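Here is how the chains run, residue by residue.
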Amino acid sequence: MVFKENMIFKYILLGLSILFSACTQTPLKDNNLKYDFFETIELNVEELIFDLKESNASDFIENESEEIVMVRKLVKSRLTAWSEKKFSVKGKKNKSILSYLKTKVTLKENDEDLGMKKFFLPEKKTYQIHTGLDMKFISSENISSKLNIIGSIDLEIEDNLTLNKKNFKIQNTIEILVKGIDDEINKQLKRNEFKLYLF
C-alpha cells in the first residue's frame, strides 16, 4: 500500500515537472528577420536623393499609443534600410528623388467588447499599417517620370503574447509589407517610361 502511494506521488511529481518545464519561456531567436529578398536595381542616374521630409514630419501625434509610435518608427527604419540597399547609382546623367510617404498606423479593431468570449479568448488588437513612397526621375533634358507605390497590411497583436513573440510578429509583418512594396516597384520600373533610367 505504501509502495503504491509512493509510486503515485512520484508520478504526480514527474507530471508537475514536465508541466513546469513546458511552460518556461525561451527567448525567440531573430531568425534573420531582415530577409535579403530583393534584387538591387542599378539606376542610370548620376544622383539619387532620399527625401525624408514627409516621414520625419510630426513624428508625435497627440493621443497616439506607444505601440503605434513604435510600429511607425520600425516601418520607417526598415523602409530606409531597404531603399539604401535596393538602388545602386551607376549613371553619369539624370537624377532621381525617392520620397517616403508618411506611415499611418490606425487601430482597426479592439476585441475588448467580446462579452463572455473574453474569458476564453485572448484580447486582440488589429492595426492597419499604411505607407508608401514616390520615386521621381528627371532626365538630362528635364523630362520627368514618376511612380507611386502604396502598401497596406493588417497587424494583429494578441494581449497574451510575450514581448519576444510580439516583437517577432511586428517585425515579420513589416517584412511582408516591405516585400510587397519591393515587388510593386520591380513591376512598375518595367514600364517603358522608366527604361531610360535603368541599366
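Here, the structure is the one placed above.
Everything quoted here is computed from the prediction, not taken from an experiment.

**Looking at the packing of helix α3 (residues 66-86) against helix α4 (residues 163-188)**
Working step 1: Here α3 crosses α4 at 40 degrees, and the two axes come no closer than 10 Å. When the axes of α3 and α4 are compared, the pair comes out oblique. Crossing of α3 over α4 shows right-handed handedness. Contacts between α3 and α4 involve E67, M70, V71, L74, V75, R78, L79, W82 and K86 from the first element and K166, N167, I170, I174, E175, L177, V178, I181, D182, I185 and N186 from the second.

**Thoughts on the layout of surface pockets**
Working step 1: Counted as a void, the largest pocket has a volume near 170 Å³.
Working step 2: Every residue lining the largest pocket is listed: E39, T40, I41, K86, N186, L189, K190 and L198.
Working step 3: In the lining of the largest pocket, the residues fall into three nonpolar, two polar and three charged.

**As for the nonpolar core**
Working step 1: Core analysis: the biggest nonpolar cluster contains 33 residues, and W82, F87, M135, F137 and I185 have the highest contact counts within it.
Working step 2: Looking at this core, the elements with two or more residues in it are β1 (41-43), α3, β4 (95-110), β5 (124-138), β6 (144-158) and α4.
Working step 3: When residues in this core are grouped by element, the largest group, six residues, is from α4.
Working step 4: Setting aside residues up to four positions removed in sequence, F87 forms contacts with T40, I41, L43, L48, W82, L98, M135, I185 and L189.

**Observations concerning the pairing of β6**
On any regular strand, side chains alternate: one points to one face of the sheet, the next to the other face.
Working step 1: Where β5 meets β6, 15 bridges bridge the pair, whose relative direction is antiparallel. Paired with F137 across the strands is S145, a residue of β6.
Working step 2: Hairpin connection from β5 to β6: five residues lie between these consecutive antiparallel strands, with N142 at a positive phi of about 65 degrees.

Thresholds applied
Residues numbered from 1 in each chain as written. Predicted model: local features only at pLDDT ≥ 70, side-chain atom pairs only at ≥ 80, totals over all residues. Heavy atoms only, no water. Axes fitted to C-alpha atoms, helices over the stretch in contact; angles between N-to-C directions. Helix = DSSP H or I, 4+ residues; strand = E, 2+ residues; numbered from the N terminus. Parallel < 35°, antiparallel > 145°, perpendicular 65-115°, else oblique. Left-handed = near helix turned anticlockwise from the far one by under 90°. Contact = heavy atoms within 4.5 Å. 1 Å grid on protein atoms, 1.4 Å probe; cavity = no way out; pocket = protein on both sides within 12 Å on 5 of 7 lines; lining within 4 Å. Points joined across faces, edges and corners; volume = space filled by probe spheres on them. Nonpolar A, V, L, I, M, F, W, Y, C, P; charged D, E, K, R; others polar. Core = buried A, V, L, I, M, F, W, Y, C linked by side-chain atoms within 4.5 Å. Buried < 20%, exposed > 50% of the residue type's maximum accessible area, 1.4 Å probe, protein only. Pairing = 2+ DSSP bridges.

Geometry only, nothing functional implied.
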